[in-house]
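Spelled out, the chains give:
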Amino acid sequence: MGRVGVLLLNLGGPDKLEDVGPFLYNLFSDPEIIRLPFRWLQRPLAWFIASRRVKTSQENYKQIGGGSPLRRITEAQGEALKEQLSDLGQEANIYVGMRYWHPYTEEAIALLTQDDIDKLVILPLYPQFSISTSGSSFRLLEKLWQEDPKLQRLEYTVIPSWYKQPNYLRAMADLIVQEIDQCPNPDEVHIFFSAHGVPKSYVEEAGDPYQQEIEECTYLIMQTLNRPNAHTLAYQSRVGPVEWLQPYTEDALKELGVQGVKDIVVVPISFVSEHIETLQEIDIEYREIAEEAGIHNFRRAPAPNTHPVFIRALADLVVEALEQPNFKLSQAAQMKKRVKMYPPESWEWGMTTSAEVWNGRIAMLGFIALIIELVTGHGLLHMIGLLQ
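Residues numbered from 1 in each chain as written. Predicted model: local features only at pLDDT ≥ 70, side-chain atom pairs only at ≥ 80, totals over all residues. Heavy atoms only, no water.

## As for unusual backbone geometry
Next up, step 1: Cis geometry marks the peptide bond from His102 to Pro103, where omega comes out at -10°.
Next up, step 2: Within the secondary structure, Pro103 is located in the loop between strand E3 (93–98) and helix H4 (105–114).
Next up, step 3: With an omega of 5°, the peptide bond running from Gln246 to Pro247 counts as cis.
Next up, step 4: In this fold, Pro247 is placed in the loop between strand E7 (231–236) and helix H10 (249–258).
Next up, step 5: One non-glycine residue with positive phi stands out, namely Asn305, at about 50°.
Next up, step 6: Here Asn305 lies in the loop between strand E9 (297–300) and helix H12 (308–323). (Helix = DSSP H or I, 4+ residues; strand = E, 2+ residues; numbered from the N terminus.)

## A look at H12
Next up, step 1: With 16 residues, H12 ought to run about 22 Å at 1.5 Å a step, and its terminal C-alpha atoms sit 23 Å apart, in line with that.
Next up, step 2: Its buried side turned inward, H12 meets strand E1 (4–10), helix H3 (70–87), strand E4 (119–124), strand E5 (155–158) and helix H7 (166–180). (Expected span 1.5 Å × (residues − 1). Contact = heavy atoms within 4.5 Å.)

## Some details on the packing of aromatic side chains
Next up, step 1: The tally for this structure, following the rule as stated, stands at 6 aromatic pairs.
Next up, step 2: We note Lys328 situated over the ring of Tyr156; from NZ or CZ to the ring centre the distance is 4.3 Å. (Phe/Tyr/Trp six-rings, centres within 6.5 Å; stacked < 30°, edge-to-face > 60°. Lys NZ or Arg CZ within 6 Å of the ring centre and 35° of its normal.)

## Observations regarding the nonpolar core
Next up, step 1: Ile122 and Trp145 are the most contacted members of the largest nonpolar core, which has 73 residues in total.
Next up, step 2: The biggest single contributor to this core is H12, with 9 residues.
Next up, step 3: Two domains each put at least three residues into this core: domain 1 (4–163 + 307–333) and domain 2 (166–300).
Next up, step 4: Sequence-distant contacts of Trp145, defined by excluding residues within four places in its chain, comprise Ile109, Leu120, Ile122, Leu151, Gln152, Leu154, Tyr156 and Leu329.
Next up, step 5: Formed by 20 residues, the second largest nonpolar core is a distinct cluster that contains Leu11, Leu45, Val54 and Tyr100. (Core = buried A, V, L, I, M, F, W, Y, C linked by side-chain atoms within 4.5 Å. Buried < 20%, exposed > 50% of the residue type's maximum accessible area, 1.4 Å probe, protein only. Domains from an automatic or database assignment.)

## Here we look at the sheet that holds E5
Next up, step 1: Here we have 4 strands laid out as an open sheet, ordered E3-E1-E4-E5, and parallel in their pairing. If you trace the sheet from one side to the other, it starts and ends with E3 and E5, each paired once. Neighbour-to-neighbour, the strand axes of this sheet turn through a mean angle of 20°, independent of strand direction.
Next up, step 2: As paired elements, E4 and E5 share 4 bridges and run parallel to each other. Bridge assignment links Lys119 to a residue of E5, and that residue is Glu155.
Next up, step 3: In this fold H3 packs onto E1 and E3, with an angle of close to 160° to the strand it touches most, E3. (Pairing = 2+ DSSP bridges. Axes fitted to C-alpha atoms, helices over the stretch in contact; angles between N-to-C directions.)

## Considerations on the confidence of the model for the chain
In regions of low pLDDT, the predicted coordinates are not meant to be interpreted in detail.
Next up, step 1: Across the chain, the average pLDDT comes to 85, with 83% of residues at or above 70.
Next up, step 2: In the predicted structure, residues 336–370 sits below a pLDDT of 50 and forms 135 contacts with residues beyond four places in sequence or in another chain.
Next up, step 3: Every residue in residues 372–388 is under pLDDT 50, and counting partners more than four places away or in other chains gives 79 contacts. (pLDDT = per-residue confidence, 0-100.)

Following this line, the structure appears as C-alpha cells:
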C-alpha cells in the first residue's frame, strides 16, 4: 500500500493564557463562521469581539490550569494510535490538524506532503458528524485540495462519523461503570448524557444528522452497559438568540432535582478529550447547578482520552478505512452550507462562560447583528456552520 498517514482533526485550544486573545480572533475572523455583508468588516469585528471576550475567557482557563489540554491530549492519542496500529501490523505516520490553533490543519497538510504519503486516512475526533465540527474541517480540506495539485495526486479516504464503533461504545461503557461503581447504590445512579448542543435550525433546515446520531449513540451505549440505571440525554453550551436542541443540560439537571434524584454520573457523550467544556463547564458550572437542585452526589465519567479500548477503536477505524473503497471529502461534506441563524426566533439572550470553545461566535451573535445594523443597515446574519 505504500506509506500511510492518518490525519486527526480537532478544534484546538489556547495552550496558555496569552494565546486566548489570538485564539478568539482566529475564531471570529473566519468568514466560514460569520458571513458579513462586507468583507472589510470581518477582521475589525473579529478584533473587537475577541478584545471584549478575552478577559472573561482567560478567567475560565485559569480555572482549569491556565490553558487548554486539548493539544497535549490529542498528540498523546496520536502516539498511542501509532503504537496500536503497529501492533496490528499497520505502520502509519500520524498528523494532528487543529482548526483554530496550533498545529493548524494547514500545518499538518504541509508535513504530510513533505513525507510523501501514498495514502491518507482523514479521521475527525468527533464521533458524531455535524456541519459545525467535522463538516467544517472537511470544507477546509476541500479548499486545500482544490488549491494544491500535489494534494490532488494523493490517495485519501475520509471517516465521516464513527459513533457505532464497538470498541468506542465499550470504552464509554467502561468509563461510566467505573464511576457508577463508586456510588453507594450503583443501580440507583442516574446516567446523564450531556452532548454539545447545536441550533435547532441546523437539524431542521440544514439536515444536520447530529441529533439523530447523538440519540442513537446514547441508545447504543446504554445497550452496551446492559444495566438497569435510568438515563437522560440533554444538550449543553446553549448560547445566542436562537433555539437550540433540547432539553438543555441546566434545565434537565434542575428537573432531576425536583424528581428527587440524588446521585448522577454525567457522561460527556460528544467529547473524546478533556477540555474547557468538560473541565470548566460540566465540572464547575453544572456541578453547582446540580448541587443547588439537591443532587448531592455529582460524578462525571472521564472523556476517553487515551483509554486503551478507545485507542483500539481508532486503530480499527483506520484499518477498516484502508480496506474499504475510498470515501471522498465531497461525499462527507454534502450538507447545505448556509443556515439562517438570525433572526429566526424572538430575542432570547444567553451566554455561557465557555462558549468560545465550540460555538463561541454564537454568544456574540446578537451583538454582531446590532453592529451590522448600525454600520450597514443590514439586520440579517448568515452562518455557514459552527466549528467545534
